[in-house]
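# Residue-level structural notes
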Amino acid sequence: MQTGGLMTGEEQVVSTADRLFYAHGVQAVGMDTVRTESGVSLKRIYTLFPSKDDLILAVLRHRTKQWNTGVDGAIATAGTPRDKLLAVFDFLAEWFREDDFRGCAFINFFGELGGGSTRVAEAVREQKTSFQRRVAELVVEAGGPAFLAPQLVLLAEGAQTTAAITRDPDTAAHARAAAETLIRCAFER
């Protein structure tokens, strides 16, 4: 919780770790670097987060909140239920153009640690499942068939990975166009 515009020690550590892990990878960043960059003592960091895995999970929770806020914000500006489905891709288009875009942090963390950390793998799966549920809710609100939701999720997830690898922010526009086609075809049945 922020007070007076200043971050708490915990928020400072999580924000710093998020930025460093996302930019350099989780395994490449040691706790000493988090300490130096955050300005929070190592003793305090380990009081807040007894292990690096605990800090990683806090970063993933932070990223989940950011993701949900971004997606929900885009959806809130959409007019029709079908536009709400496409708003997910509009959110991606903005995100892909950010200078520090490196793909999906959840996929990145899973790729680095998923095989060795059950807790990280579970946190990533939980976020992905939550996104799938959100898209399924939007499909229901639009009156679409259930099969449409996983198709749209695959497009969104694939766009994130493709944009990260190719560094082409227009990937979101291509995914949005494909989503428009899927939505049109699903509603013509």
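Just above sits the structure.
Residues numbered from 1 in each chain as written. Predicted model: local features only at pLDDT ≥ 70, side-chain atom pairs only at ≥ 80, totals over all residues. Heavy atoms only, no water.

## Section: the overall build of the protein chain
Helix and strand counts for the protein chain stand at nine helices and zero strands. For the protein chain, the N- to C-terminal ordering of α and β elements is α-α-α-α-α-α-α-α-α. Structurally, the protein chain occupies a C-alpha span of about 60 × 35 × 30 Å along its principal axes. Here the protein chain holds 189 residues, and the buried ones make up 40% of them. About 10,100 Å² of surface is accessible on the protein chain, with carbon and sulfur atoms providing 53% of the total. Distance between charge centres in the protein chain, computed from 21 positive and 24 negative side chains, equals 3 Å. (Helix = DSSP H or I, 4+ residues; strand = E, 2+ residues; numbered from the N terminus. Buried < 20%, exposed > 50% of the residue type's maximum accessible area, 1.4 Å probe, protein only. Areas by Shrake-Rupley, 256 points an atom, 1.4 Å probe, with all protein chains shown as cover. Lys, Arg positive; Asp, Glu negative; His and termini not counted. Charge placed at Lys NZ, Arg CZ, Asp CG, Glu CD.)

## Digging into the environment of Ile 45
With respect to the element layout, Ile 45 can be found in helix α3 (residues 42–48). The exposure class of Ile 45 is buried, given its relative accessible area of 0%. Between the alpha carbons of Ile 45 and Val 13 there is a distance of 7.2 Å; along the sequence they are 32 residues apart. Those residues in contact with Ile 45 that lie beyond four places of it in its chain are Val 13, Met 31, Val 34, Arg 35, Ser 38 and Val 40. (Contact = heavy atoms within 4.5 Å.)

## Digging into the nonpolar core
By size, the foremost hydrophobic cluster in this structure holds 58 residues, and its most contacted members are Phe 21, Val 34, Leu 55, Leu 92, Phe 109 and Leu 152. The set of elements that each furnish at least two residues to this core consists of α1 (9–24), α2 (31–38), α4 (52–76), α5 (81–96), α6 (105–113), α7 (118–142), α8 (148–166) and α9 (171–188). Among the elements that make up this core, the one with the highest residue count is α4 (10 residues). Apart from residues no more than four positions distant in its own chain, Phe 109 is found in contact with Phe 21, Val 26, Ile 56, Val 59, Leu 60, Gly 114 and Val 120. (Core = buried A, V, L, I, M, F, W, Y, C linked by side-chain atoms within 4.5 Å.)

The values are spatial; any link to function lies outside them.
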